[in-house]
Amino acid sequence: MRLGAQIRLFVLLTGILPLGILAFAASRIAHDEFTDSLTREQVSTATQLAVGLGRALDEQERVIAAQFGNFRLEFAPDEARTAFLVSTWRLFPDVAIAALIDAGGGDAVAPIYATTDEEAQGHDVVSAERAAQFRSSLPAAAPTGVVRGAPYVPDASGDAAVPLVFASPWGDGMTLGVELSLRPMRTMLAEVAGRDRGVLLVDPGGDVFLVA
């Protein structure tokens, strides 16, 4: 190779090599910035979903607590207590099971839930095993307010539920226990997620209890 050609080739290579390094670095930076931006967007979306779901659950608890506070059930006859459970169950389609518990921890009357599709009227159908699981999963009641139990998946149905215990605002020792189905929540999350992303709900221990 002639000296002039060698010099031109050397100059060409010394010019291309820095440009290649710069292009690689720019591509790497752009990739990292895109990844960071996507991560921030996903975190923001997840945070907004969590806040929205928390508020929706808080509102349901508030309305159920208000319903419970409308009745004095300590000295009510069994017919009135059962009527209260039936009206509460019908008023809240997400409530799969409603139970009235006396001060001694026993059922004041038989809990209310649907055992067949004909009875369900939009509620979950509940087996005897699910009803027993709900009863064993109910947390201890607080003196006032509501206590949320750990979510679980009853009957391996794929639809999680949360047990709730409401203390009577009258201080009579009566409590209202409900199993709140999260099936409508899963449906809503699936619509938000779309085809290109999944949504998981985890409990405080990190276990997944709902997949949308």
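Residues numbered from 1 in each chain as written. Predicted model: local features only at pLDDT ≥ 70, side-chain atom pairs only at ≥ 80, totals over all residues. Heavy atoms only, no water.

Novice: Which residues make up the packing of aromatic side chains, and what are the values?
Specialist: This structure, assessed with the given rule, holds two aromatic pairs. By way of ring pairs, the aromatic residues Phe68, Phe71 and Phe84 are connected into one cluster. (Phe/Tyr/Trp six-rings, centres within 6.5 Å; stacked < 30°, edge-to-face > 60°.)

Novice: So what's going on with the sheet that holds strand β3 (residues 161–167)? Which residues, and what values?
Specialist: The sheet built from four strands is open, its strands ordered β1-β4-β3-β2 with antiparallel pairing. At either margin of the open sheet sits one strand with a lone partner, and together these are β1 (95–101) and β2 (146–148). In this sheet, neighbouring strand axes are inclined to one another by 20° on average, regardless of whether the strands run parallel or antiparallel. The strands touched by helix α2 (residues 78–91) are β1 and β4 (175–181); relative to β1, the strand with the most contacts, the crossing angle is about 155°. In the packing of helix α4 (residues 128–137) onto the sheet, the strands contacted are β1, β3 and β4, and the crossing angle to β1 comes to about 55°. (Pairing = 2+ DSSP bridges. Helix = DSSP H or I, 4+ residues; strand = E, 2+ residues; numbered from the N terminus. Axes fitted to C-alpha atoms, helices over the stretch in contact; angles between N-to-C directions. Contact = heavy atoms within 4.5 Å.)

Novice: Let's hear about the pairing of β1: which residues, and what values?
Specialist: Within β1, seven of the seven residues are buried, leaving the element largely enclosed by the surrounding structure. In this structure, β1 lies alongside β4, joined through six bridges in antiparallel fashion. Across the sheet, Ile97 pairs through a bridge with Glu179, a residue of β4. (Buried < 20%, exposed > 50% of the residue type's maximum accessible area, 1.4 Å probe, protein only.)

Novice: Go over the side chain of Glu61, please, and point to the residues and values.
Specialist: Checked against the element boundaries, Glu61 lands in helix α1 (residues 3–69). Assessed through its relative accessible area of 7%, Glu61 is described here as buried. Dropping the residues within four chain positions of it, Glu61 is found in contact with Val146, Arg148, Leu164 and Phe166.

Novice: I'd like to hear about the nonpolar core, residue by residue, with values.
Specialist: Core analysis: the largest hydrophobic core is formed by 29 residues, its most contacted members being Phe68, Leu85, Val95, Leu100 and Leu176. Listed by contribution, the elements that provide at least two residues to this core are α1, α2, β1, β3, β4 and α5 (183–193). With four residues, α1 is the single largest residue contributor to this core. Excluding its chain neighbours within four sequence positions, the residues that come into contact with Leu85 are Ala98, Ala99, Leu100, Val109, Ala110, Pro111, Ile112 and Leu176. Within the second largest apolar cluster, 11 residues are counted, among which are Ile97, Val126, Phe134 and Tyr152. (Core = buried A, V, L, I, M, F, W, Y, C linked by side-chain atoms within 4.5 Å.)

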